[in-house]
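# Close look at the chain arrangement
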Amino acid sequence: MIEVLPQSEGITLGVRLTGKVTDEDYEKVFLPALDKLIKEHGKVRCLYFMDKGFRGWDLGAMWDDAKFGIKHKNDFEKIAVIGGPKWAEWATKIAAHFVSGETKTYTLDQLDKAWTWIKA
């Protein structure tokens, strides 16, 4: 499941990922919100909070994420990834080479620090 977080404002979109993230989650929640911000502001900042219940993405969601990332690789100012399994941190570091913005990873207990960085 993907939930837009209430701290989202201006060019910043924060989302909470929990359970198994599906293709439907991307198509109905995340991508429309992100598309809207890009159309309104050009470049955006995105915070991904993978809570303790996060169990990964289904294949459709991974494909949606990859397609969107390639298409909009120059549309991100900052990306913060909080929590998730160790492989998510590695994947974030690899993906950082394919987007123009700055990318940082944080542990679950650093959520406030991530919000401070993404909004600065």
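Above: the structure in question.
Overview of the structure. Quick caveat, the model's predicted, so the values are computed rather than measured. (Residues numbered from 1 in each chain as written. Predicted model: local features only at pLDDT ≥ 70, side-chain atom pairs only at ≥ 80, totals over all residues. Heavy atoms only, no water.)

### A few points about the packing of helix 1 (residues 23-41) against helix 2 (residues 59-71)
- Contact pair helix 1 / helix 2: the axes reach a minimum separation of 9 Å and the direction vectors enclose 20 degrees. When the interaxial angle is binned, helix 1 and helix 2 end up roughly parallel. Crossing geometry of helix 1 relative to helix 2 is assigned as right-handed. Across the interface between the two elements, Asp 23, Tyr 26, Glu 27, Leu 31, Leu 34, Asp 35 and Ile 38 from helix 1 touch Gly 60, Ala 61, Asp 64, Asp 65 and Phe 68 from helix 2.
- Its residues assigned to classes, the contact of helix 1 with helix 2 shows six nonpolar, one polar and five charged. (Axes fitted to C-alpha atoms, helices over the stretch in contact; angles between N-to-C directions. Helix = DSSP H or I, 4+ residues; strand = E, 2+ residues; numbered from the N terminus. Parallel < 35°, antiparallel > 145°, perpendicular 65-115°, else oblique. Left-handed = near helix turned anticlockwise from the far one by under 90°. Contact = heavy atoms within 4.5 Å. Nonpolar A, V, L, I, M, F, W, Y, C, P; charged D, E, K, R; others polar.)

### Let's talk about the nonpolar core
- Counting residues in each nonpolar core, the largest one holds 24 residues, and the members touching the most others are Leu 17, Val 21, Tyr 26, Phe 30, Leu 34, Tyr 48 and Trp 57.
- Mapped by element, the contributors of at least two residues to this core are strand 2 (12-21), helix 1, strand 3 (44-57), helix 2 and strand 4 (76-83).
- Among residues more than four places away in sequence, those in contact with Val 21 are Met 1, Ile 2, Tyr 26, Phe 54, Gly 56, Trp 57, Asp 58 and Ala 61. (Core = buried A, V, L, I, M, F, W, Y, C linked by side-chain atoms within 4.5 Å. Buried < 20%, exposed > 50% of the residue type's maximum accessible area, 1.4 Å probe, protein only.)

### Observations concerning the environment of Ala 96
- With respect to the helices, strands and loops of the structure, Ala 96 is situated in the loop between helix 3 (86-95) and strand 5 (102-106).
- Sequence separation between Ala 96 and Lys 73 is 23 residues; the distance between their C-alpha atoms is 9.7 Å.

### Overview of the pattern of salt bridges
- Taken as a whole, this structure holds seven salt bridges when the rule is applied.
- For Arg 16, the salt bridge goes to Glu 3, with nearest N and O atoms at 2.7 Å. Residue Arg 16 is located in strand 2, and its partner Glu 3 is located in strand 1 (residues 2-4); the two are separated by 13 residues in the primary sequence.
- Arg 16 gets classed as partly exposed once you look at its relative accessible area, which sits at 25%.
- As a salt-bridge pair, Arg 45 and Glu 77 come within 2.8 Å of each other at their nearest N and O atoms. Here Glu 77 lies in strand 4 and Arg 45 lies in strand 3, a separation of 32 residues in the sequence.
- Connected via shared salt-bridge partners are Glu 3, Arg 16 and Asp 51. (Salt bridge = Lys/Arg side-chain N within 4 Å of Asp/Glu carboxyl O.)

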